[in-house]
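Structural overview
Here are the chains, one letter per residue:
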There are 2 protein chains.
Amino acid sequence: MTDLSIGRLATLSGVKVPTIRYYESIGMLDAPPRSPGGQRRYDDDHLEQLRFIRHGRELGFGLDDLRALQDLSARPDRPCEEADGIARKQLAEVERRIAGLEAVRRELERMVERCSHGVVDECRVIQTLSDHHLCAGDHAPDHQTALRDT
Amino acid sequence: MTDLSIGRLATLSGVKVPTIRYYESIGMLDAPPRSPGGQRRYDDDHLEQLRFIRHGRELGFGLDDLRALQDLSARPDRPCEEADGIARKQLAEVERRIAGLEAVRRELERMVERCSHGVVDECRVIQTLSDHHLCAGDHAPDHQTALRDT
DNA sequence: CCTAATTGCTATAGCGACTAGAGGTTCAAG
DNA sequence: CTTGAACCTCTAGTCGCTATAGCAATTAGG
Ligand SMILES: [Zn+2]
Ligand SMILES: [Zn+2]
Ligand SMILES: [Zn+2]
Ligand SMILES: [Zn+2]
């Protein structure tokens, strides 16, 4: 209806142009009709769909989960058990990551605070990396808990 | 000295065999001598080096930072400013991620709690994803703050 | 109507830090 | 000496994008 170019859709949704095309390529976003010259022309439904995806990404859902949630929202009469389950799973995951990061934060704080800022050989940062026994607690108890990313 | 196979090194260090080979391939871990048949033979220095890397990874440092920290620890007479700087940068990054995840956690909690578990059309989870105005605060204020990963 | 600037198109490769698999070789125990 | 576990290299896949190259279409101004 509104006939949006991909750039306009990007502006309105807050999702970058290449990302929009990427979403289409993996089947996350419906492929829109094209102009006579082959350019994508979106409507308000696409905008809504894209905002849904963006919001979900901001809340940390993976694209697979968002696909499932999208599918569910297209069937409004069904019970919402599955949607709630996905959200609870996501919450648990976020809590797990926070716990891991908190443990890491405490250790980083400790090593930064305790360094007397002399030479490398006496540097608490380097010493701690060389020897986990200088750590106060257990960060990352399971192998590879929680970091990286933007 | 101790002549460790890659499997033994993996066990002792807690780093998986393919990851050890990967580290060597990108120059993170010194390439060890080989047995007559071409298999890797490590010593205690390799083990120490690998534990350093692993500990650093657990604390969330990127491999680039760890390379820099490794280089520094090889020059014990230099001032530790740079090492401390890397650690403080990492601490700031971790704090940033925690803040982002906390915001996300609050919203996820909110949507899960408020759902009355009826049909999808009335599901607070789906509704919230469709409309950020149902959120209480601002999660992910800058574009793309902080999730994913194990 | 014509031109120039902007925006759009496809296709491919790269990021970080691994992980998985195929298909073959070496080693160590019995 | 035989067997089977552990090792080797190489390639491709993961996740969610982002960047680049080399074009084509659109749009605003004159
Ligand atoms: Zn220091
Ligand atoms: Zn530690
Ligand atoms: Zn619900
Ligand atoms: Zn929101």
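Residues numbered from 1 in each chain as written. Chains lettered and ligands numbered in written order. Predicted model: local features only at pLDDT ≥ 70, side-chain atom pairs only at ≥ 80, totals over all residues. Heavy atoms only, no water.

A few words now on the coordination of the zinc ion (ligand 4). The zinc ion (ligand 4) binds to the protein through H55 of chain A (NE2), H132 of chain B (ND1), C135 of chain B (SG) and H139 of chain B (NE2); the donor distances cover 2.0 to 2.2 Å. Classification of the site at the zinc ion (ligand 4) rests on its four donor atoms, whose angles at the metal span 101 to 118°, yielding the label tetrahedral. Residue H55 of chain A is located in helix 3 (residues 44-58), and its partner H139 of chain B is located in the segment after helix 6 (124-130); the two belong to separate chains. Given a relative accessible area of 2%, H139 of chain B falls into the buried group. (Donors = N, O, S within 2.8 Å, 3.2 Å for Na, K, Ca; no water. Tetrahedral: all angles 85-135°; square planar, octahedral: opposite > 155°, others 65-115°. Helix = DSSP H or I, 4+ residues; strand = E, 2+ residues; numbered from the N terminus. Buried < 20%, exposed > 50% of the residue type's maximum accessible area, 1.4 Å probe, protein only.)

Let us now look at the environment of V112 of chain B. Its place among the elements puts V112 of chain B in helix 5 (residues 81-114). Along the sequence, V112 of chain B and R124 of chain B sit twelve residues apart, while their C-alpha atoms lie 7.3 Å from each other. Aside from chain neighbours lying at most four places away, what touches V112 of chain B is A87 and R88 of chain A together with H117 of chain B. (Contact = heavy atoms within 4.5 Å.)

Time to look at the interface of chain A and chain B. Taken together, the contact between chain A and chain B spans 65 residues of the former and 65 residues of the latter. Across the chain A/chain B interface, buried area totals approximately 5600 Å², and carbon plus sulfur atoms make up 67% of it. The tally of links between chain A and chain B comes to zero salt bridges. There are 20 residue pairs in polar contact (both at pLDDT 80 or more) connecting chain A and chain B. Contributions of two or more residues to the side of chain A that touches chain B are made by helix 3, helix 4 (63-73), helix 5 (81-114) and helix 6 (124-130) of chain A. Looking at which element gives the most residues to the side of chain A that touches chain B, the answer is helix 5 of chain A, with 21 residues. Residue composition of the side of chain A that touches chain B, grouped by class: 29 nonpolar, 15 polar and 21 charged. (Buried area = accessible area lost by both parts, 1.4 Å probe. Salt bridge = Lys/Arg side-chain N within 4 Å of Asp/Glu carboxyl O. Polar contact = N/O pair within 3.5 Å; in protein donor to acceptor, adjacent residues only side chain to side chain. Nonpolar A, V, L, I, M, F, W, Y, C, P; charged D, E, K, R; others polar.)

Next up on the list: the domain arrangement of chain A. All names here are of chain A. Splitting chain A by domain gives domain 1 (6-73) and domain 2 (81-134). Taken together, the contacts link seven residues of domain 1 with six residues of domain 2. For the pair domain 1 and domain 2, the two sides together bury roughly 550 Å², of which 65% comes from carbon and sulfur. Interface area lost by domain 1 to domain 2 is led by F61, D65 and L72, which between them contribute 62%. One salt bridge in this structure joins D65 and K89, with 3.0 Å as the shortest N-O distance. Where domain 1 meets domain 2, there are three residue pairs in polar contact (both at pLDDT 80 or more). By residue class, the composition of the side of domain 1 that touches domain 2 is five nonpolar, one polar and one charged. (Domains from an automatic or database assignment.)

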